Amino acid sequence: MSKITLVAPNPHLACLASAVAGEYGNVFDIYEGNLAEGVRAAEIAMKNGSEIIISRGGTAMMIEKELNIPVVCIVFSGVDLVKTIEKAKVYDRHVALLGFENIIGELDGCYDFLSCKMCVKKLKSYEEIKESILNFYHTEKIRVFIGGDAVCKMAEELGFKGVIMECGIESIRRAVHEAKHLAEMKLNVLERYLQFKAISEYSSEGIILLDKEQHIKYINPMAQNLIAKRPEDVLGKPLKTVLPGSGMINAIYDNNPKIAFYEEINTIKIIANYVPLNVNNDLLGVLISFQDVTKIEELEKKIRREQYTKGLFAKYHFADVLTKNKKFLHILDNANRIAKCDSSVLIYGESGTGKELIAQSLHNAGRRRHGPFVAVNCAALPESLLESELFGYADGAFTGARKSGKPGLFELAHLGTIFLDEIGDIPLTVQSRLLRVIQEKEVTRIGDDRVIPVNIRIISATNKDLAKLSKNGQFRDDLFYRLDVVKIRIPPLRERAEDIPFFSEYFIEHYCMTNKIKIKSITKNALELLKTYSWPGNIRELQNFIESLVIICEQEIIDYDSVELLLQDKLDHVMFRDIKNVYQQNYGSYHHKKDDKGVLKKLEYQSIKEVLDQVHGDKAMAAQILGISTTTLWRRLKKISV
């Protein structure tokens, strides 16, 4: 709350004020001084932080006139007048009351009820006191004068009787209450001003406030930037001289609000609003707000991205791709260079080699890294659903469609990247629409005729031979050439044998920490055993195998036997599948029988013997062809020969 000071013209008023201050918790200070002395006292109070002054009569009037500070005057009440009259009647029943308007203004209706004859003079300045006293004496023969300190002092100097006009404690209370209310109002005004200042100065809109004559009273920083003018060059000047020819001027003459009014200022396209400020049908001024259209467009794009692409981002970078294989490292170097351009990329690789990892790394290393990354598995969705997911649909496009429609994945990928995984499985009917999106860079939702421009980069991935599919008519030639602009081939894990120990140790540490198992180690011969398996599921298969190994193995050191035992189950499954295929080729459909075990044992032996014959008995080479270790081959031969 604002600091309050009471300047008392005399000791009596100061004493009463001290008593009132105690009632209010000493919320105001008290200074003493009459007229010019009171002004000097108020100046000292202001230097000490006072923002509101309470005083009386001529002292209050002089403070208000000479100092820039709100002044609350202590008003002489009817009760105070009656008490003073009783004192004056002791000297004469014919008296005169001389006081400034601010102290006796409320007593006009009280004079008729007094028990004496009284003349009243409302003073406007200190200089009127002497002349007024002499006039009352000559015309009315009055010798007793009621008034403030200055009036009583002057009356005494002229040989008359002066009776001090003393304010009661209730009058002081009223003045203090009014001062507190004024302080609260001042604080509210200050708060509103600071709020307006904060809103206007940090607003993304330009704001100009005009008075009713269309002179600029306020301009915020954004408006200064947009019109390229400094405050000192525009404040107080007519808008038409600051922005000659502007459509704002004509709009202001119309006393109705105008919203979203387009025009151009200094080659900058803006959208403006004009709001007249009327109070009781009187125009006080006009508030103008406007924005740069290009900034609105940028904001719209940002909102669109944030609203539609929440969670659609790439989290992997090339630094996350782990390998020690020289060939693959060379491929990654090339991929890093490819990422800098916007050309379409087709990634070839077997299942589990990390095609999406490379796709995300391409996105994050390119200039679209701040845009969305949208991934879709084309093989996981049926044809009808795939089409609506890719291209979106309009309101009521089909039964069960959202009322508001739905944006497609191409729309969501605007200004970013769309990753089409398993592109070789996309139906021919969808391929034609996909080709049009790539060629025209625009998409049309299902059930709609509105064309939506899209700016995207396309990265595709497949584990199939698209060139062969294209020759067989299973994949459109024109789409294949559009997608296969830049090619990246990810080598399978069997071609990166040196990465198997590297990944194995990495996954062991990861799954020990994930499952809160004491970190385990693995022996070298166990790692060598892992290298003998072909890993048709690539890194994904190895990862799942290591997870099982960490959980099942009870020892702190994972040895050869632990790996072989778990790998044997996997090899048995693979071998059983291959033998089952051989059986079906030779004997027709397979049906499980009680004696199948003996038949399968013979078929397994036959398969191994055929491989050994082809490699002239080289068991190491035979084991590699069969995808098993040499030790396992010996064990299998021993088992099936029994």
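Our structure's up above, just so we're on the same page.
Structural notes, computed from the coordinates.

Thresholds applied
- Per chain, the residues get numbers from 1 upward, laid out in the order the sequence is written.
- Confidence filtering applies because this is a predicted model: local features only for residues at pLDDT of at least 70, side-chain atom pairs given and counted only at 80 or more, and all residues used for totals across whole chains, interfaces and linings.
- With hydrogens and water set aside, each side-chain value is computed from the structure's full complement of heavy atoms.
- A run of DSSP states H or I qualifies as a helix once it reaches four residues; a run of E qualifies as a strand once it reaches two. Both are numbered from the N-terminal end.
- Two strands qualify as a pair provided that DSSP identifies no fewer than 2 bridges between them.
- Note on method: axes are straight lines fitted to C-alpha atoms, helices fitted across the in-contact stretch only, with angles between N-to-C directions ranging 0 to 180 degrees.
- Here, a salt bridge means any Lys or Arg side-chain nitrogen found within 4 Å of an Asp or Glu carboxyl oxygen.
- The rule is simple: take the accessible area with a 1.4 Å probe, protein chains only, and divide by the maximum for that residue type; under 20% is buried, over 50% is exposed, in between is partly exposed.
- Take the residue count of a helix, subtract one, and multiply by 1.5 Å to get its expected span.
- Our angle categories are set so that under 35 degrees counts as roughly parallel, over 145 as roughly antiparallel, 65 to 115 as roughly perpendicular, and the remainder as oblique.
- Crossing handedness is read from the near helix: turned anticlockwise from the far helix by less than a right angle, it gives a left-handed crossing, and turned clockwise, a right-handed one.
- Any two residues whose heavy atoms approach within 4.5 Å are treated as being in contact.
- Under the grouping applied here, Gly and all other residues not named as nonpolar or charged are polar, the nonpolar ones being Ala, Val, Leu, Ile, Met, Phe, Trp, Tyr, Cys and Pro and the charged ones Asp, Glu, Lys and Arg.

1. What about the environment of leucine 81?
Stage number 1. In this fold, leucine 81 is placed in helix H4 (residues 78-88).
Stage number 2. Spatially, the C-alpha atoms of leucine 81 and glycine 168 are 9.6 Å apart, while their sequence positions differ by 87 residues.

2. Some words on the sheet that holds strand E8 (residues 161-164)
Stage number 1. Strand order in the open sheet formed by four strands is E6-E5-E7-E8, with parallel pairing between adjacent strands. The open sheet terminates on both sides in strands that have one partner only, identified here as strand E6 (117-123) and E8. Recorded for the sheet is a direction-independent mean angle of 25° between the axes of neighbouring strands.
Stage number 2. In this sheet, E6 lies alongside strand E5 (residues 94-100) in parallel orientation, the contact comprising seven bridges. Note that in E6 the partner of leucine 98 across the bridge is lysine 121.

3. Description of the pattern of salt bridges
Stage number 1. A complete count under the given rule lists 23 salt bridges for this structure.
Stage number 2. The partner of lysine 487 in a salt bridge is aspartate 484, with the nearest N and O atoms 3.9 Å apart.
Stage number 3. Two residues, arginine 489 and glutamate 495, come together in a salt bridge whose shortest N-O distance is 3.5 Å.
Stage number 4. Relative accessible area serves as the criterion here: at 41%, arginine 489 is assigned to the partly exposed category.
Stage number 5. A network of salt bridges, in which partner residues are shared, links Glu23, Glu170 and Arg173.

4. What to know about helix H8 (residues 169-201)
Stage number 1. Helix length check: H8 (33 residues) gives 47 Å between terminal C-alpha atoms against 48 Å at 1.5 Å per residue, within 8%.
Stage number 2. Among the residues of H8, Ser171, Ile172, Ala175, Val176, Ala179, Ala183 and Ser200 are the ones counted as buried.

5. Focus on the packing of helix H1 (residues 11-23) against H8
When two helices pack together, their arrangement is given by the angle between the helix axes and the distance between those axes.
Stage number 1. At their nearest, the axes of H1 and H8 sit 10 Å apart, and the two run at 55° to each other. Here H8 runs oblique to H1, going by the angle between their axes. The interaxial crossing formed by H1 with H8 has right-handed handedness. Contacts between H1 and H8 pair Leu13, Leu16, Ala17, Ala19, Val20 and Glu23 from the former with Ile169, Ile172, Arg173 and Val176 from the latter.
Stage number 2. Across the contact of H1 with H8, the residue classes break down as eight nonpolar, no polar and two charged.

That is the geometry; function is a separate question.
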